[in-house]
Amino acid sequence: MNKIIYKLFFAVFLLLISCDDGDLHPEGTGEAEGLKATMEVSFSGLKAWPSAYQMVLAAYGNDTENPLMSKQISVPKSENDIVVLDLNGLPEEARTIGISILTKGRKLVYNYYTYDIGNATEDVVLPISQINVASFDRIQHQVFDNYCAPCHDAGDKAAAGLSLTDGKSYMSLVKVKANLSATNKNRIEPGMPSQSFLVDILTEDIVNYNHTDVLPQEELVTLIKEWITQGAKDN
Ligand code: HEC
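What counts as what
- Residue numbering note: each chain is counted from 1, following its sequence as written.
- Since the coordinates come from a predicted model, pLDDT governs what is reported: local features require at least 70, and pairs of side-chain atoms require 80 or more to be given and counted, while whole-chain, interface and lining totals use all residues.
- Hydrogens and water molecules were not included; the side-chain quantities draw on all heavy atoms of the structure.
- Metal donors were taken as nitrogen, oxygen and sulfur atoms no farther than 2.8 Å from the ion, or 3.2 Å where the ion is Na, K or Ca. Water is excluded, so coordination may look unfinished.
- In these descriptions, tetrahedral denotes four donors with every angle between 85 and 135 degrees, square planar four donors and octahedral six donors with opposite donors over 155 degrees apart and the rest between 65 and 115, and irregular any other case.
- Numbered from the N terminus, helices here are DSSP runs of H or I no shorter than four residues, and strands are runs of E no shorter than two.
- Exposure categories follow from relative accessible area, calculated using a 1.4 Å probe and restricted to protein chains: below 20% of the type maximum is buried, above 50% is exposed, and the middle band is partly exposed.
- One less than the number of residues in a helix, times 1.5 Å, gives the span that helix is expected to have.
- Pairs of residues are marked as contacts when any of their non-hydrogen atoms sit within 4.5 Å.
- One heavy atom suffices: a residue is near a molecule or strand as soon as one of its heavy atoms comes within 4 Å of it.
- Under the rule applied, a polar contact is a pair of N or O atoms within 3.5 Å (in protein, one hydrogen donor and one hydrogen acceptor; residues adjacent in sequence only if both atoms are side-chain atoms).
- Note that Gly is not counted as nonpolar here; it falls among the polar residues with everything else outside the nonpolar set of Ala, Val, Leu, Ile, Met, Phe, Trp, Tyr, Cys and Pro and the charged set of Asp, Glu, Lys and Arg.

1. A look at the coordination of the iron atom of the ligand
Phase 1 of the analysis: Each protein donor to the iron atom of the ligand is listed here as His152 (NE2) and His211 (NE2); together their distances run 1.9 to 2.0 Å.
Phase 2 of the analysis: One can describe the donor arrangement at the iron atom of the ligand as octahedral, given that its six donor atoms subtend angles of 88 to 179° at the metal. With histidine 152 in the loop between helix H2 (136-148) and helix H3 (169-173) and histidine 211 in the loop between helix H4 (197-203) and helix H5 (218-229), this residue pair connects regions lying 59 residues apart in the sequence.
Phase 3 of the analysis: Under the relative-accessibility criterion, histidine 152 is labelled buried at 10%.
Phase 4 of the analysis: On the basis of relative accessibility, which here comes to 15%, the residue histidine 211 falls in the buried class.

Here's what the structure looks like:
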């Protein structure tokens, strides 16, 4: 009997030691061998924070679509918050650091910012302090390129005479009269989502080709509205 109790004590003792060891070296901190990249950034346009996907700080190698490592950025409480986050122990193959949106399967959707670490030999602090979550560049790449440009392409293939390809979309939209608006709205009226025909068309079935199911996520409409509310700037 004593032997069994002794064995039990010993087993518990071993268990405690191994747990302790785990606590001393939590994953991703402290003893990492590679370099460290730190982000100190505040975010504006928080209403457009992605929820179907994830906002991350990520390190990429030669494959710029699938990061080598990433850490999720939680939505800040306010636009004034400076979010500090680091990637510790960067793998040797790391070439760039990005502030990106990834799918839940960790594939790149959109890169807000990329920093080339090339052959860095010291830890880096990303030289950027502010990111607009509802930027026009994100709308171009996450929305127009994927869901609109196939029909609203350049030249005579542009449905309703509207081109939504990169480089043409902005001047085709902002303060330009919509051909199909019964109330003479502009396609985009800066500061006023409710006066922008592009928002109407994505939320109401009002033209021959119904657009209300074109976007797979409601939050992409929110993204466009937030960009318009902020003044529909070209950045
Ligand atoms: C499958 C093809 C197709 C796709 C995809 C598509 N559109 Fe359209 N779009 C059309 C057609 C066709 C019209 C003209 C409808 C009509 O004549 O009633 C149109 C009209 C419009 C208009 C009205 C333009 C004006 O001057 O009145 C806007 C704005 C618009 N689309 C935006 C978008 C946006 C933004 C997307 C992507 C989220 C998109 N469309 C995706 C086919 C498409």
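2. Regarding H2
Phase 1 of the analysis: Between the first and last C-alpha of H2 there are merely 15 Å, a value that for 13 residues lags more than 12% behind the 18 Å anticipated at 1.5 Å per step.
Phase 2 of the analysis: Of the residues making up H2, those classed as buried are Phe136, Arg138, Ile139, Gln140, Gln142, Val143, Phe144 and Cys148.
Phase 3 of the analysis: Contacts made by the buried residues of H2 are with strand S5 (96-102), strand S6 (108-116), H3, H4 and H5.

3. So, the site of the ligand
Phase 1 of the analysis: Around the ligand, the structure places 22 residues, and the nearest of them are Cys148, Cys151, His152, Asn179 and His211.
Phase 2 of the analysis: One of the side-chain nitrogen or oxygen atoms of histidine 152 is found 2.8 Å away from a nitrogen atom of the ligand.
Phase 3 of the analysis: At 2.8 Å, a backbone N or O of asparagine 208 approaches an oxygen atom of the ligand.
Phase 4 of the analysis: Contributions of two or more residues to the shell around the ligand are made by H2 and H4.
Phase 5 of the analysis: Of the residues forming the shell around the ligand, the biggest block, four residues, is contributed by H4.
Phase 6 of the analysis: A per-class count over the shell around the ligand returns 17 nonpolar, four polar and one charged.

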